[in-house]
Amino acid sequence: MIQLFHYTTIDTLALILESKKFLFNRLSNVDDLLEGQVNRFKNFSDYLYVSCWTIDSKENIALWSMYSKGFSGIRLELSDSVFDFETDEFGRIMNVNSKYLNLYIPKGKILPIKYVSEAELAADFITIKKSSGKEEMSINTSDLGMIKLDNWKFQNEYRYRIIGIPKNQDRIHSSNEFVNDLASMALDKPKNEILNLFIPIHFDSLPKMNLLLGPKTTKADKIIIESLINKFIPN
């Protein structure tokens with residue numbers, strides 16, 4: 001079991017505790033605008049949703065600055081079993097409802113980001129081979145949404161990923177069809193207006209959560225945090 005750390009604001013903490021859910025952001029909305037891009041087929045960032053964490057237990061000043069609203073937020077510590085995913089044999093998530101998307105977890109629920117040079121970032125995720133006059137596509141889903149430029153290495157990021165396939169395109173009954181549908185999305189670019197997903201937290205996770213207050217947390221901030229904990233995690 002891995003311990004994970006997530007820097008955020010007190011406002012976000014309130015939303016997490018009240019809803020018992022965590023927001024997964026669409027990859028097109030994250031801090032590195034080059035993420036999700038694939039050389040030949042532009043990008044998959046409209047169909048990938050991520051939740052970003054680090055495994056560094058040592059405080060990271062850069063992460064406090066970027067994500068905790070002027071060093072006055074909090075750092076969550078939870079285990080890697082934080083999310084309550086129920087999946088079928090194809091990796092489709094069964095306990096999260098989305099009106100327009102079927103949601104899938106690629107192999108490996110949480111994985112470390114790979115930090116690469118600009119030249120490596122330009123590599124294609126999609127390979128096309130011709131066989132008997134027909135084009136056959138293959139997609140490297142293991143790296144999809146898991147590569148960042150090496151100037152982000154200070155984050156030491158681990159990431160959960162969810163792939164959203166529009167329901168009118170989804171015909172997955174095997175792993176091969178999963179790859180084929182992703183390839184079709186790369187070519188056709190079906191519209192996806194869903195900007196984020198809210199994923200249930202495992203019922204046993206919140207009582208075991210540890211909080212570290214930011215370096216500039218005020219007395220008023222501490223009162224708010226204590227009130228939130230007493231209201232939503234009374235035990």
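Residues numbered from 1 in each chain as written. Predicted model: local features only at pLDDT ≥ 70, side-chain atom pairs only at ≥ 80, totals over all residues. Heavy atoms only, no water.

Undergrad: What is the right way to read helix α1 (residues 10–19) from this model?
TA: One full turn of an α-helix is made of 3.6 residues, so residues set three or four places apart face in the same direction. Of the positions making up α1, those classed as buried are I10, L13, I16 and L17. The arc enclosing the buried residues of α1, seen along the axis, measures out at 115°, which places them on a common side. The exposed set on the far side of α1, more than 90 degrees from its buried face, consists of D11, L15 and E18. Against β1 (3–8), β2 (21–26), β4 (74–79), β13 (210–213) and α5 (219–232) lie the buried residues of α1. Directly beyond the C-terminal end of α1, a positive phi value near 60° is found at K20. (Buried < 20%, exposed > 50% of the residue type's maximum accessible area, 1.4 Å probe, protein only. Helix = DSSP H or I, 4+ residues; strand = E, 2+ residues; numbered from the N terminus. Arc of directions from axis to C-beta. Contact = heavy atoms within 4.5 Å.)

Undergrad: Sorry if this is basic, but what is going on with the packing of aromatic side chains here?
TA: The description of an aromatic ring pair rests on the distance of the ring centres and on the angle between the ring planes. A complete count under the given rule lists eight aromatic pairs for this structure. The interplanar angle of 90° and the centroid separation of 4.9 Å between the aromatic rings of F83 and Y160 together place this pair among those described as edge-to-face. You can see F83 sitting in the loop between β4 and β5 (101–104) and its partner Y160 sitting in strand β11 (residues 157–166), a full 77 residues away along the chain. As far as the burial class goes, F83 and Y160 line up, both buried. Each residue in the set F22, F24, W53, F83, F85 and Y160 is aromatic and connected to the rest through ring pairs, giving one cluster. Here K148 stacks its cationic end above the ring of W152, 4.7 Å away from the centre of that ring. (Phe/Tyr/Trp six-rings, centres within 6.5 Å; stacked < 30°, edge-to-face > 60°. Lys NZ or Arg CZ within 6 Å of the ring centre and 35° of its normal.)

Undergrad: Got a minute to help me understand the nonpolar core in this structure?
TA: In terms of nonpolar packing, the biggest core is built from 33 residues, with F24, F83, F85, Y160 and I162 touching the most fellow members. Elements that contribute at least two residues to this core include exactly α1, β2, β3 (48–54), β4, β5, β11, β12 (196–200) and α5. Per-element tally for this core: the top contributor is α1, with four residues. Each residue touching F83, except ones within four places of it in the same chain, is listed here: F22, F24, S51, W53, Y160, I199, P200, I201 and H202. Residues L27, V30, Y47 and L144 belong to the second largest nonpolar core, which totals 10 residues. (Core = buried A, V, L, I, M, F, W, Y, C linked by side-chain atoms within 4.5 Å.)

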